Amino acid sequence: MRRTDLILADALLGLVSVMIYETDGFKTYPIVLKPLILIAFASCVIRHINYYNMTKKIY
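Residues numbered from 1 in each chain as written. Predicted model: local features only at pLDDT ≥ 70, side-chain atom pairs only at ≥ 80, totals over all residues. Heavy atoms only, no water.

### Regarding the overall build of the protein chain
The condition that has to hold: Helix and strand assignments come from DSSP, with helices taken as H or I runs of at least 4 residues and strands as E runs of at least 2, each series counted from the N terminus. Each radius of gyration is computed over the set of C-alpha atoms, and the globule rule expresses the reference value as 2.2 Å times the number of residues to the power 0.38. The classification of residues rests on relative accessible area computed with a 1.4 Å probe and restricted to protein chains. Under 20% of the type maximum is buried, over 50% is exposed, and intermediate values are partly exposed. We get accessible surface area from the Shrake-Rupley algorithm with a probe of 1.4 Å; when it comes to residues, only the shown protein chains can shield them. Residues scored as positive are Lys and Arg, those scored as negative are Asp and Glu, and His as well as the terminal groups of each chain are ignored. The atom standing in for a charge is NZ when the residue is Lys, CZ when it is Arg, CG when it is Asp and CD when it is Glu.
Within the protein chain, the secondary structure is distributed over three helices and zero strands. Compactness check: the protein chain gives a C-alpha radius of gyration of 14 Å against a globular reference of 10 Å for 59 residues, more than 25% above the reference. Considering only C-alpha atoms, the protein chain reaches an extent of 40 × 15 × 15 Å along its principal axes. A burial count over the protein chain gives 17% of its 59 residues as buried. When the accessible surface of the protein chain is split by element, carbon and sulfur atoms take 71% of a total near 4800 Å². A distance of 11 Å separates the average location of the 7 positive side-chain charges in the protein chain from that of its 4 negative side-chain charges.

### Considering the packing of helix α1 (residues 3–22) against helix α3 (residues 30–55)
Think of two packed helices as two axes; the pair is described by the angle between the axes and how far apart they sit. Spelled out, the test is: To obtain each axis, a line is fitted to C-alpha atoms, and for helices this fit is confined to the stretch in contact; angles are then taken between N-to-C directions over 0 to 180 degrees. Reported orientations rely on four angle classes, namely roughly parallel under 35 degrees, roughly antiparallel over 145, roughly perpendicular from 65 to 115, and oblique for the rest. Left-handed is the label given to a crossing in which the near helix is rotated counterclockwise from the far helix by less than a right angle, and right-handed is the label when the rotation is clockwise. We call two residues in contact whenever any of their non-hydrogen atoms come within 4.5 Å of each other.
As a packed pair, α1 and α3 sit with axes 11 Å apart at the nearest point and diverge in direction by 160°. Considered as vectors, α1 and α3 are oriented roughly antiparallel to each other. Crossing of α1 over α3 shows left-handed handedness. Of the residues in α3, those touching α1 at Arg 3, Leu 6, Ala 9, Asp 10, Leu 13, Ser 17 and Ile 20 are Leu 33, Ile 37, Ala 40, Phe 41, Cys 44, Arg 47, His 48 and Tyr 51.

In structure tokens:
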């Protein structure tokens, strides 16, 4: 796992979240999108924890 992978994944999560929010996706499809965003966020957190455990560096 590389640092650039973490940065890219975080940027994509932020971009997609903003796009969904701006297009009122949370109001239209809340049952589907909210759990998916939470799972994606949890996945990013787990990747950051694993990266820290492997390299002992933060980001």
